Amino acid sequence: MTVNVVPVALGARSYEVRIGTGLIDRAGAEIAPLLRRPRVTVITDETVAARHLDRLRGACAAAGIAVTALALPPGEGTKAWPQFSRAVEWLLEQKVERHDVVIALGGGVIGDLAGFAAAVLRRGVRFVQLPTTLLAQVDSSVGGKTGINTAQGKNLVGAFHQPSLVLADIGVLETLPAREFLSGYGEVVKYGLLGDLAFFDWLEGAGPSLLAGDAAARLRAVTRSVEMKAGIVSRDETEEGERALLNLGHTFCHALEKATGYSDRLLHGEGVAIGCTLAFELSARLGLCAQEDPSRLRAHLRAMGMRVDLADIPGDLPDAGALLGLMGQDKKVIDGRLRFILARGIGKAFVADDIPPDIVRQMLDDALKLRSARR
Ligand code: NAD
Ligand code: GLY
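Keep in mind it's a predicted model, so treat the numbers as computed, not measured.

Cut-off values and rules
Residues numbered from 1 in each chain as written. Chains lettered and ligands numbered in written order. Predicted model: local features only at pLDDT ≥ 70, side-chain atom pairs only at ≥ 80, totals over all residues. Heavy atoms only, no water. Helix = DSSP H or I, 4+ residues; strand = E, 2+ residues; numbered from the N terminus. Rg over C-alpha atoms; globule rule 2.2 N^0.38 Å. Buried < 20%, exposed > 50% of the residue type's maximum accessible area, 1.4 Å probe, protein only. Contact = heavy atoms within 4.5 Å. Lys, Arg positive; Asp, Glu negative; His and termini not counted. Charge placed at Lys NZ, Arg CZ, Asp CG, Glu CD. Pairing = 2+ DSSP bridges. Axes fitted to C-alpha atoms, helices over the stretch in contact; angles between N-to-C directions. Parallel < 35°, antiparallel > 145°, perpendicular 65-115°, else oblique. Left-handed = near helix turned anticlockwise from the far one by under 90°. Nonpolar A, V, L, I, M, F, W, Y, C, P; charged D, E, K, R; others polar. Core = buried A, V, L, I, M, F, W, Y, C linked by side-chain atoms within 4.5 Å.

Explain the overall build of the protein chain to me, please; I cannot follow it from the model alone.
Scanning the protein chain from N- to C-terminus turns up 13 helices and 11 strands. Its C-alpha atoms give the protein chain a radius of gyration of 20 Å, within 12% of the compact-globule value 21 Å for 375 residues. In terms of its C-alpha atoms, the protein chain occupies a principal-axis envelope of roughly 60 × 40 × 40 Å. Going through the 375 residues of the protein chain one by one, you find that 58% of them count as buried. Within the protein chain, counting contacts between residues at least 6 apart in sequence, those at least 24 apart form 75% of the total. Here the protein chain contributes 44 positive and 44 negative side-chain charges, whose respective centroids are spaced 3 Å apart.

Written out as structure tokens, the structure is:
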């Protein structure tokens, strides 16, 4: 079995991301060296628990590790105060000690919530990420951003808390619904767009076989994505500069997710893909990149069967002014000014914080008009 190991170099908080097929079946042996006593608590969701928790239990039992698990309801709605306090109180009931390890088994929702619970429990306990969605494997399990959503917006409460280990078993992606896989693929494409044209070139060819289940292609795509994220995080852990590039498409995405009520009208990675096309469209309108760049991006996303434009979001959307207002809650706002990640071409993203709101409003207005015309 090939296991690719990507180090995340953060001094005393360094850790490895191990990527391969079947890692969940040897998770006990992988995690055992981290443990002071042979027990772990697992936070997961009900869907993932039904498919993969018994395998994790078996792997831990084989290494002599006792497991207790809490399965929360699946979905973005779980990433909020009620299920967060439930998880923290459950961990306290399990008498988790400062030196114990909490395991997050699931997608980004579980990773963000369990990581935040580990960050605040007894002022911080260690945790291990076992990401089970493509999105979590290439993005959310790496880099230590943890947190929950509130009524005011997405991810507004949280902490930087790095995991001690990430085990990305690409075999578990086989049970992932195609729509969820494509949502995660939005984040994969993002890495090519923000800093690696050759990776984007490769994805244009390999994307369909990735979707069809080609394990070698999946291993390569997850590994390259994690390498890029690990490099950026180790240079800028707390997003003082370069890490903001990882938010390509996210200012638009977060506004769209809020406008659609964090519901299955728009999954996070779908919002990222649409947000990336809007960021490239804005870049082209500003004369920063060629008009061929947003066209090429749209063509690839369409070829993958993905959502590409505002027109692909079902139901009603607010007008351009209201969408712009929703962007005002974004964490990238500084002194009330919106910062966007724009691009000088595919693979050449940069942070721009002097973008006139009128140009953004006009672009959104045009996209919304196109949407109405198509209905
Ligand atoms: P998710 O955790 O809701 O998982 C998506 C769905 O897939 C859920 O219904 C889940 O039960 C199901 N599922 C998970 N693994 C499965 C499997 N192997 N087989 C079958 N079903 C499976 O969503 P997500 O897309 O993984 O994560 C989205 C979240 O990640 C958002 O809240 C977003 O804000 C967050 N995020 C965080 C970061 C970060 O750096 N911390 C980065 C990107 C996204
Ligand atoms: N997903 C953005 C980041 O980790 O910084």
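Structure shown, so let's carry the discussion forward.
Just checking my understanding: could you explain the pairing of strand β7 (residues 145-150) for this structure?
In regular strands, side chains alternate between the two faces of the sheet. In terms of burial, β7 is largely enclosed, as 5 of its 6 residues are buried. Across 5 bridges, β7 lies against strand β8 (residues 153-160) in antiparallel orientation. Among the inter-strand pairings, T150 is bridged to a residue of β8, identified as G153. Counting the residues between successive antiparallel strands, the hairpin from β7 to β8 contains 2 residues.

Where do I start with the packing of helix α7 (residues 197-212) against helix α8 (residues 215-235) in this structure?
Packed helices, taken two at a time, are described by the angle between their axes plus the distance between the axes. Running from N to C, α7 and α8 point in directions that differ by 135 degrees, and their axes come no closer than 9 Å. Relative to α8, the element α7 is oriented oblique. Here the hand of the crossing between α7 and α8 comes out left-handed. For the pair α7 and α8, the contacting residues are F199, W202, L210, L211 and A212 in the first and A217, R218, R220, A221, R224 and S225 in the second. Its residues assigned to classes, the contact of α7 with α8 shows 7 nonpolar, 1 polar and 3 charged.

I tried to follow the nonpolar core on my own but got confused; where do I start?
Inside soluble globular proteins, nonpolar side chains tend to come together where they are buried. Counting 83 residues, the largest nonpolar core has F252, L310 and L364 as its most contacted members. Within the second largest apolar cluster, 22 residues are counted, among which are I43, W90, L113 and F127.

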